[in-house]
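Notes for the structure review
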Amino acid sequence: ELELARHGLKLLKRNPSSFTPCLDGSYLLLGPDKDLNYSEISKFSKRDADAYPRYENQLENFCKFMDPLLDSPPPESSQRDSSFKDRFKDKIHKSAFWTQLLRQAASLGQKDMVDFMDLLLSPASKVLNNWFETDVLKATLATDAVIGTTGSVHTPGSGYVLLHHVMGETDGDRGIWSYVEGGMGSVSSAIGNAAREAGAQIITNAEVKQLLVEDSGGVNGVLLADGTEVRSSIVLSNATPFRTFKELTPNGVLPDDFVRAINYSDYSSGTTKINLAVDKLPEFKSCNSSHPTPGPEHMGTIHIASESMEEIHSACQEAVNGLPSRRPIIEMTIPSALDNTISPPGKHVINLFIQYTPYKPSDGDWADNVYRESFAQRCFSLIDEYAPGFSSSVIGYDMLTPPDLEREIGLTGGNIFHGAMGLDSLFLMRPVKGWSNYRTPLRGLYLCGSGAHPGGGVMGAPGRNAARLVLQDMKNKPYK
């Protein structure tokens with residue numbers, strides 16, 4: 001819709017999309033190539049190789065079932081006094097939504113619908129154990145069920161997070177993951193270019209201090225940190241719900257029960273991000289390769305210390321007890337393997353997505369440089385077990401722990417999804433019950449970030465849904 005490719009967005013598809021090395025010298029590659037998947041999984045289990053296409057097909061069918069839910073606002077009850085005509089239209093809209101959903105459920109059939117509910121409600125470990133027998137395959141797939149969360153593979157409902165991470169697509173190809181040429185900032189750049197072409201004015205480095213609210217209970221713009229007032233009867237916030245309603249909204253203008261629900265939502269995070277510059281590619285001993293050019297193992301997500309689901313669970317339990325994982329679960333990506341615009345020749349950029357790291361560890365403090373360095377070296381040493389010499393290849397790094405993510409990016413609690421993605425925080429309950437359709441108790445204020453339906457991920461669905469709702473509201477009740 002925004003023609004982002006025309007505005008400079010270039011996606012680099014990853015193939016293979018994942019690589020999991022094992023300490024015993026074996027490894028597992030997976031990707032969009034069905035023949036490769038069969039060959040790779042067969043190294044461990046013929047039964048699993050036969051089951052994997054059926055597993056992918058089932059998830060794809062579930063994603064198709066979910067697509068209409070992602071692309072539209074939840075059928076929320078009317079939150080304000082309205083005319084009989086508006087209430088009637090609202091009732092018709094909700095009836096049409098639920099009727100369509102029932103039709104889709106009927107098209108799935110009872111067996112698939114039961115399997116779908118099982119996936120939504122079950123721990124990812126149960127789902128994957130029912131499908132497969134190979135530990136490394138189950139662990140590789142299970143990482144998608146815990147990424148960005150504080151939960152374990154044994155947490156009920158983690159099966160939904162597994163599904164959430166396979167919903168996406170690239171250029172119409174479902175389940176295909178891509179890098180963005182030039183880095184993720186290129187996504188924002190392309191959206192900004194499209195907006196400017198449409199007549200938008202974009203101001204950066206302009207911190208918002210507070211929302212301006214009229215006595216009548218509607219927003220009237222924002223107050224910037226430098227004292228500038230920007231007046232508008234419509235404000236969209238893609239900050240977290242907590243930051244929007246607890247830090248940017250004046251006290252006393254929101255209903256007490258709404259504030260209470262926002263305050264006690266789950267913003268916990270066990271995620272740390274380390275961005276590195278290295279002078280050579282990791283040389284994984286399971287591949288026996290020392291070529292300076294990228295191989296298949298460097299193209300996608302590299303799963304370190306993820307050889308079994310119990311390994312993931314153990315790492316989680318240590319964080320539950322207040323300690324950063326002794327053997328953290330690490331997802332490594334090397335975007336420079338496909339994108340030569342982000343690093344000098346022969347050098348590479350590596351991103352480490354690490355779990356689990358408590359917001360407030362019981363054995364130290366993330367503000368302590370010695371403690372931070374110790375944890376970073378723990379991660380590098382763990383990678384050395386799979387790719388000897390990795391530590392010595394590091395030129396420099398930048399580490400973002402949960403408090404850093406909160407302070408520098410505004411992610412409450414360091415949660416990358418703007419709030420937990422548990423079943424109690426989705427759809428009609430995101431961000432809180434009664435306010436799931438992007439509108440808020442303040443007239444003219446809309447929530448359009450990952451804290452709104454359908455949640456986190458680089459997909460733009462919350463913003464698109466919110467924008468369409470704003471246009472609808474402007475048409476029905478023109479704003480100043």
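See the structure shown above.
What counts as what
- Residues numbered from 1 in each chain as written.
- Predicted model: local features only at pLDDT ≥ 70, side-chain atom pairs only at ≥ 80, totals over all residues.
- Heavy atoms only, no water.
- Pairing = 2+ DSSP bridges.
- Helix = DSSP H or I, 4+ residues; strand = E, 2+ residues; numbered from the N terminus.
- Axes fitted to C-alpha atoms, helices over the stretch in contact; angles between N-to-C directions.
- Contact = heavy atoms within 4.5 Å.
- Buried < 20%, exposed > 50% of the residue type's maximum accessible area, 1.4 Å probe, protein only.
- Polar contact = N/O pair within 3.5 Å; in protein donor to acceptor, adjacent residues only side chain to side chain.
- Lys, Arg positive; Asp, Glu negative; His and termini not counted.
- Salt bridge = Lys/Arg side-chain N within 4 Å of Asp/Glu carboxyl O.
- Parallel < 35°, antiparallel > 145°, perpendicular 65-115°, else oblique.
- Nonpolar A, V, L, I, M, F, W, Y, C, P; charged D, E, K, R; others polar.
- Phe/Tyr/Trp six-rings, centres within 6.5 Å; stacked < 30°, edge-to-face > 60°.
- Lys NZ or Arg CZ within 6 Å of the ring centre and 35° of its normal.
- Core = buried A, V, L, I, M, F, W, Y, C linked by side-chain atoms within 4.5 Å.

Spatial ordering of the open sheet is given by 3-2-12-13-14-11-15, a layout of 7 strands whose pairing is mixed. The open sheet is flanked by strand 3 (27–30) and strand 15 (394–400), the only strands paired with a single partner. The sheet shows a mean angle of 20° between the axes of neighbouring strands, direction not considered. Contacting strand 2 (18–21), strand 11 (271–278), strand 12 (301–304), strand 13 (329–333), strand 14 (348–355) and strand 15, helix 12 (residues 369–386) runs over the sheet at an angle of about 125° to strand 15.

Counting through the fold element by element, Ser-122 comes out in the loop between helix 4 (110–121) and helix 5 (124–131). For Ser-122, a relative accessible area of 4% translates into the label buried. At 2.6 Å, the side chain of Ser-122 and the backbone oxygen of Asp-118 are in polar contact. Non-local contacts of Ser-122, meaning those with residues more than four positions away in its chain, are made with Val-127, Thr-155, Pro-156, Gly-157, Ser-158 and Gly-159.

This paragraph deals with the side chain of Asp-339. On the secondary structure map, Asp-339 appears in the loop between strand 13 and strand 14. Comment: no salt bridge for buried Asp-339; closest opposite-charge side chain is Lys-10, at 8.1 Å. Reaching out from Asp-339, the side chain makes a polar contact with the backbone nitrogen of Gly-182 at a distance of 2.6 Å. The residues touching Asp-339, leaving out its near neighbours within four places in the chain, are Leu-12, Val-180, Glu-181, Gly-182 and Gly-183.

All told, the structure shown has 21 salt bridges when counted by the stated rule. A salt bridge links Arg-439 to Asp-473, with the shortest nitrogen-to-oxygen separation between them at 2.7 Å. Taken together, the residues span a long stretch of sequence, with Arg-439 in the loop between helix 14 (402–409) and strand 16 (445–447) and Asp-473 in helix 15 (residues 461–476) at a distance of 34 residues. Of the two residues, Arg-439 and Asp-473, both sit in the buried class. One connected set of salt bridges, linked through shared partners, spans Arg-372, Asp-404, Arg-407 and Glu-408.

The next subject is unusual backbone geometry. At the junction of Arg-430 and Pro-431, the peptide bond is cis and its omega measures out at 0° in the coordinates. Note on placement: Pro-431 falls in the loop between helix 14 and strand 16. Note that the residue after His-453, namely Pro-454, is joined by a cis bond; omega there is 5°. Considering the arrangement of structural elements, one finds Pro-454 in the loop between strand 16 and helix 15. In this model, Glu-3 sits at a positive phi of 50°, which is unusual for a non-glycine residue. Relative to the elements of secondary structure, Glu-3 occurs in the segment before strand 1 (11–13).

Now for the pairing of strand 13. Extensive coverage of strand 13 is indicated by the burial of 5 of its 5 residues. Residues Ile-329, Glu-331 and Thr-333 point to one face of strand 13 and Ile-330 and Met-332 to the other, with burial holding for every one of them. In this structure, strand 12 lies alongside strand 13, joined through 3 bridges in antiparallel fashion. Residue pairing for strand 13: Ile-304 is matched across the bridge by Ile-330.

Turning our eyes to something else, we now look at the packing of helix 2 (residues 46–70) against helix 4. Between helix 2 and helix 4, whose axes approach to 11 Å, the crossing angle comes to 85°. Judged by the angle between their axes, helix 2 and helix 4 are roughly perpendicular. Residues Gln-58, Leu-59, Phe-62, Phe-65 and Met-66 of helix 2 form the contact with helix 4, whose participating residues are Asp-112, Met-113, Asp-115, Phe-116 and Leu-119. Residue composition of the contact of helix 2 with helix 4, by class: 7 nonpolar, 1 polar and 2 charged.

Whenever strands of a sheet pair, they do so through backbone hydrogen bonds, lying parallel or antiparallel. Read across the open sheet, the 3 strands follow the order 7-8-9; overall the sheet is antiparallel. Strand pairing shows two members of the sheet lacking a second neighbour, strand 7 (208–213) and strand 9 (229–230), which therefore form its edges. Here strand 8 (residues 219–224) runs beside strand 9; their pairing, made up of 2 bridges, is antiparallel. Along strand 9, the bridge assignment pairs Leu-223 with Glu-229.

Right, let's get into the packing of aromatic side chains. For any pair of aromatic rings, the description rests on two quantities: the centre-to-centre distance and the angle between the ring planes. A full pass over the atoms with the stated rule returns 19 aromatic pairs. Aromatic pair Phe-97 and Trp-98: ring centres 5.3 Å apart, planes at 85°, arrangement edge-to-face. When its relative accessible area of 14% is taken as the criterion, Phe-97 is described as buried. The ring of Tyr-179 is capped by Arg-14, whose NZ or CZ atom sits 5.2 Å from the centre of that ring. Between Lys-43 and the ring centre of Tyr-27, over which it is positioned, the NZ or CZ distance is 3.8 Å.

A word on the nonpolar core. If you look at the biggest cluster of nonpolar residues, it comprises 49 residues, and the most contacted ones within it are Tyr-55, Phe-132 and Leu-163. When contributions to this core are tallied by element, the ones reaching two or more residues are strand 3, helix 2, helix 3 (84–108), helix 4, helix 5, helix 6 (135–146), helix 7 (158–164) and helix 11 (309–320). Counting residues per element, this core draws most heavily on helix 2, which supplies 11 residues. If we skip the residues at most four places from it in the chain, Leu-163 touches Leu-59, Phe-62, Cys-63, Met-66, Phe-116 and Leu-119. If you look at the next biggest cluster of nonpolar residues, it comprises 30 residues, including Val-278, Ile-302, Phe-380 and Phe-390.

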